[in-house]
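Chain by chain, the residues run as shown.
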Amino acid sequence: MASPRSVSTIKRPEHEQDSLYGGISSHYDVILCGTSLTNSILASALARAGYSVLHCDGADYYGELDAVWTLPYIVQEYEKMQAARESDEKSLDKAVEAAENSASAADSSTSRSIKLSPLGATKSVTIKSLTRRTEPEQYPFHAGIPIVTPYGGGVIESITPQFTGATSIIIKLDKWSARLHLSVPIQYDSTDEELIKKLAKYVYDQHGVLHATCKVARLLLHDHSRAFALDVTPGLVFCSGPAVQGLLASGVSEYLEFKTIQGMLFGKELAAVPCNKSEVFASKLLKAMDKRRLMWFLQLAMDYAIAQEVLQEADAMVDESNASDATAVESLNERHLNQGRALRRPQNKPVASDDLQALERSMKSGMSFRDYLKGQKLSESLIELIRYAMALENCTDGENETSLSDAMRSLGRHLIALGRFGTTAFLATLYGSGELPQAFCRSAAVFGATYMLRTAIHSIGWNDYVDNARNISVTAETRDDLTTRNFTCAHVVAPRQALNGVNSTHRVWRRISVLSGKPIPDGQQRHVIILPPNTVAGYSQVIQGLILDNGVNVAPHAPSNSLLHLTTIAPIDDFDVELVLESAVSCICNASLTDDSLEEVFQVSFTYDLGGPASSQPHPGVHLLPADAPNIAVDQSFDQAQSIFESICPTIPFLTVSEKVTHIIEERLGSAALNVPDDNEQTVLESAMMMASSK
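Keep in mind the model is a prediction, meaning the values are calculated, not measured.

Visitor: Sorry if this is basic, but what is going on with the pattern of salt bridges here?
Guide: Note on pairing: side chains with opposite charge can pair once their charged atoms come close. Scanning the model with the defined rule gives 16 salt bridges in all. Between Arg 454 and Asp 60 there is a salt bridge, with its nearest N and O atoms 3.4 Å apart. Taken together, the positions of Arg 454 in the loop between β19 (450-453) and β20 (455-462) and Asp 60 in the loop between β4 (53-57) and β5 (68-70) put the pair 394 residues apart, joining distant regions of the chain. With a closest N to O distance of 2.8 Å, Arg 387 and Glu 393 form a salt bridge. Across the pair, Glu 393 and Arg 387 agree in class, each one buried. One connected set of salt bridges, linked through shared partners, spans Arg 370, Asp 371 and Glu 401.

Visitor: Sorry, what's going on with empty space enclosed by the protein here?
Guide: To find the voids left in a structure, one rolls a probe of water-molecule size over its atoms. A complete count under the given rule lists seven cavities of 30 Å³ or more for this structure. Of the pockets and cavities examined, the largest cavity occupies roughly 430 Å³. Contributing to the lining of the largest cavity are 29 residues, with Thr 38, Asp 66, Asp 628, Gln 636 and Ser 637 lying nearest its centre. Counting only elements with at least two residues in the lining of the largest cavity, the list comes to α1 (37-48) and α16 (635-648). Ranked by residues supplied to the lining of the largest cavity, first place goes to α16 with three residues.

Visitor: I would appreciate a short explanation of the nonpolar core in the present structure.
Guide: Side chains of nonpolar character tend, in soluble globular proteins, to be buried together. If you look at the biggest cluster of nonpolar residues, it comprises 138 residues, and the most contacted ones within it are Phe 297 and Met 408. The element that contributes the greatest number of residues to this core is helix α8 (residues 288-313), accounting for eleven residues. If near-sequence neighbours (up to four positions away) are discounted, Met 408 is found in contact with Phe 297, Ala 301, Tyr 304, Leu 359, Met 363 and Phe 369.

Visitor: For this particular structure, what's the right way to read the sheet that holds strand β27 (residues 599-609)?
Guide: Strands in a sheet are paired, the pairing made by backbone hydrogen bonds, and the direction either parallel or antiparallel. Spatially, eight strands are ordered β7-β27-β23-β26-β25-β24-β16-β17 in an open sheet, and the strand pairing comes out mixed. The open sheet has two edge strands, β7 (126-132) and β17 (271-272), and neither has a second partner. Relative to strand β26 (residues 561-571), strand β25 (residues 543-548) runs antiparallel, the two being bridged by five bridges. Each bridged residue has a counterpart across the sheet, and for Leu 546 the counterpart in β26 is His 565. Those strands touched by helix α5 (residues 212-223) are β7, β23 (506-516), β26 and β27, and its axis lies near 50 degrees from that of β27.

Visitor: I would appreciate a short explanation of the sheet that holds strand β14 (residues 237-238) in the present structure.
Guide: Read from one edge of the open sheet, three strands run β14-β18-β15, paired in antiparallel fashion. Strands with a single pairing partner mark the edges of an open sheet, and in this sheet they are β14 and β15 (258-260). Relative to strand β18 (residues 426-429), β14 runs antiparallel, the two being bridged by two bridges. Residue pairing in the sheet places Phe 238 in a bridge with Phe 426 of β18.

Visitor: Explanation requested: the environment of Leu 356 in the structure shown.
Guide: As for its placement among the helices and strands, Leu 356 is situated in helix α10 (residues 353-364). As a C-alpha pair, Leu 356 and Ala 307 span 49 residues in sequence and 9.9 Å in three-dimensional space.

Visitor: What is the right way to read the packing of aromatic side chains from this model?
Guide: As enumerated under the stated definition, the model contains eleven aromatic pairs in all. Centroid distance Tyr 61 to Tyr 73: 5.8 Å. Interplanar angle 80 degrees. Geometry classified as edge-to-face. On the criterion of sequence distance, the pair formed by Tyr 61 in the loop between β4 and β5 and Tyr 73 in helix α2 (residues 71-87) is long-range, its members being twelve residues apart. When the ring of Trp 69 is compared with that of Phe 606, the centres are 5.8 Å apart and the planes differ by 50 degrees; the resulting orientation is tilted. Taken together, the residues Trp 69 in strand β5 and Phe 606 in strand β27 connect sequence positions 537 residues apart.

Visitor: So what exactly am I meant to see when it comes to helix α4 (residues 193-207) here?
Guide: In an α-helix, one turn spans 3.6 residues; hence positions three or four apart end up facing the same way. Between its terminal C-alpha atoms α4 stretches 21 Å, which fits the 21 Å expected from 15 residues at 1.5 Å a residue. Those residues of α4 lying buried are Ile 196, Leu 199, Ala 200 and Val 203. Considered in projection along α4, the buried side chains sweep an arc of 100 degrees and stay on one side of the axis. Exposed residues pointing more than 90 degrees away from the buried face of α4 are listed as Glu 194, Lys 198 and Gln 206. In this structure, the buried residues of α4 make contact with β10 (167-173) and β11 (179-184). Where α4 begins, one side-chain oxygen reaches toward the backbone nitrogen of Glu 194, 3.2 Å away; that side chain belongs to Asp 192. Looking at the residues trailing α4, positive phi occurs at Gly 208, about 70 degrees.

What counts as what
- Residues numbered from 1 in each chain as written.
- Predicted model: local features only at pLDDT ≥ 70, side-chain atom pairs only at ≥ 80, totals over all residues.
- Heavy atoms only, no water.
- Salt bridge = Lys/Arg side-chain N within 4 Å of Asp/Glu carboxyl O.
- Helix = DSSP H or I, 4+ residues; strand = E, 2+ residues; numbered from the N terminus.
- Buried < 20%, exposed > 50% of the residue type's maximum accessible area, 1.4 Å probe, protein only.
- 1 Å grid on protein atoms, 1.4 Å probe; cavity = no way out; pocket = protein on both sides within 12 Å on 5 of 7 lines; lining within 4 Å.
- Points joined across faces, edges and corners; volume = space filled by probe spheres on them.
- Core = buried A, V, L, I, M, F, W, Y, C linked by side-chain atoms within 4.5 Å.
- Contact = heavy atoms within 4.5 Å.
- Pairing = 2+ DSSP bridges.
- Axes fitted to C-alpha atoms, helices over the stretch in contact; angles between N-to-C directions.
- Phe/Tyr/Trp six-rings, centres within 6.5 Å; stacked < 30°, edge-to-face > 60°.
- Expected span 1.5 Å × (residues − 1).
- Arc of directions from axis to C-beta.
- Polar contact = N/O pair within 3.5 Å; in protein donor to acceptor, adjacent residues only side chain to side chain.

So this is what it looks like as structure tokens:
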């Protein structure tokens, strides 16, 4: 993916070209702190609407917590953290910590400034552990294990200690009838782990005999390490919904490629989650009564979701003075549902409006999703399946239970997206979901946004609010020369996680594993995995997983391997979640549906604060991005971006080109503008050349 241009391709009015910093203006309509997916979408929408946008990020890559990291980069960052811990040379971290302890988040209206961490939303990211299993002593060494020798593959047939203090090893080769006999001057003892490690290392050093998986690990982590694309926060796109609508409306879909997710797996046995009626009734997860109740509930949820779509598309459909949402649903049987929908209601079956009205009353009462499901007399196993695999709940803390309204919205999106492309409701982005913020940043740059990487926003200050007046001051500092730059704007958007003095109540825990082999049979590895609470080591939170491979270009094509992402959200004082995720990997490998002997050859575990509780807006022009828990679907980022966009420019459609920008393009390109599609590379080049020639 090409990086966004750092120079605006749409020429702004002269009063907006007050340049102080090498061609970069000191005045903007909107300044965005950090290139997260939400901010990147917002930057593209604002630039299309004709707003002048400055987009800053203290890192030298796009995406913040939505970025793609390479494997060598993660290793490099981990080694830096290790060196800092060992030598106690953490001047930057200490400075940041001191700033956090001395500053407040300034949530009250009496303060006229807030401080931001120079690390932005990534300020609390900590790599807990990193393991590369590329050495022979990291693998078992006993009779029966597959090995690689200078003469080809084989298996250790026997290991026999000798009275002389040596050990005799006999290896049966795959392509030779003869055995390979080795005599090693080390006394073998199957109960002495340190001695076994010493023996394995000696056999490799002297005879070139290596565990077969260790050979695979060396090929993957040494020869093909740059072929891995590791998402900091992996995300999928619903096949229909805000994400797809935004991608199509903006033309950003032209920058990206997608493939369908092939299935969803649930629980310790990795049982398939049913995605259509036939799968529901064939599922081994549910009893016969549960299957009928599940179909009833899914049809109710589908009716509610489509009713909301109808009301959004045509407000006139419901006379709000004397009718409710449920009444409007009576017309659903007349509405044509798309042909590919997997769980659509038979068109001649009447809608149970009483059930919908009861659902609406429960929502208005503020009931939690869990309590509502229990009230429907569903079994505990069925409630688990609905909550975690279908409504995609990702936090089970009693104080933060998902409301019925939020859960039904998530469930409805999932159901409506089913069967659009393939079996499941999800699309995976080629080269990782970190391509999404890069694509939207590129789109924003095409329409005039200015980008400054390696430049962190340190503070935001303001005067009394005047509508659309640029009375907000922003101070930034570049990492290269530590130059301080001051800007003014009418609106500024910053992630809440970057605020100093915010106390987090929850942390996000992540584990990325490279597996030798493929856990899922029949084709490429593109599956969602859901491990409900108490599946692993009594852990009370849900673990969301994602298995990918070279089919979406996030891993090498050979040798055989898979990429496993695990994510969970836990209270800040929860017990060692790192060990829980390690057990989850073992659980998935042991439940493998193939004959492959799965081994974790690489893992990195890291964590970061989710952010404090939501607070009031400190100033009408200061917008703080909520620190929502990451979920499988990225649609919540589009929701957040649209919400902030509408608060800044409520009269302009989201992610469409405004008349102002259209007029500028037509003036610049003349009649050619009518024949050139949005965001076309040729448009960018021609516009840049015209700007250069006019200077």
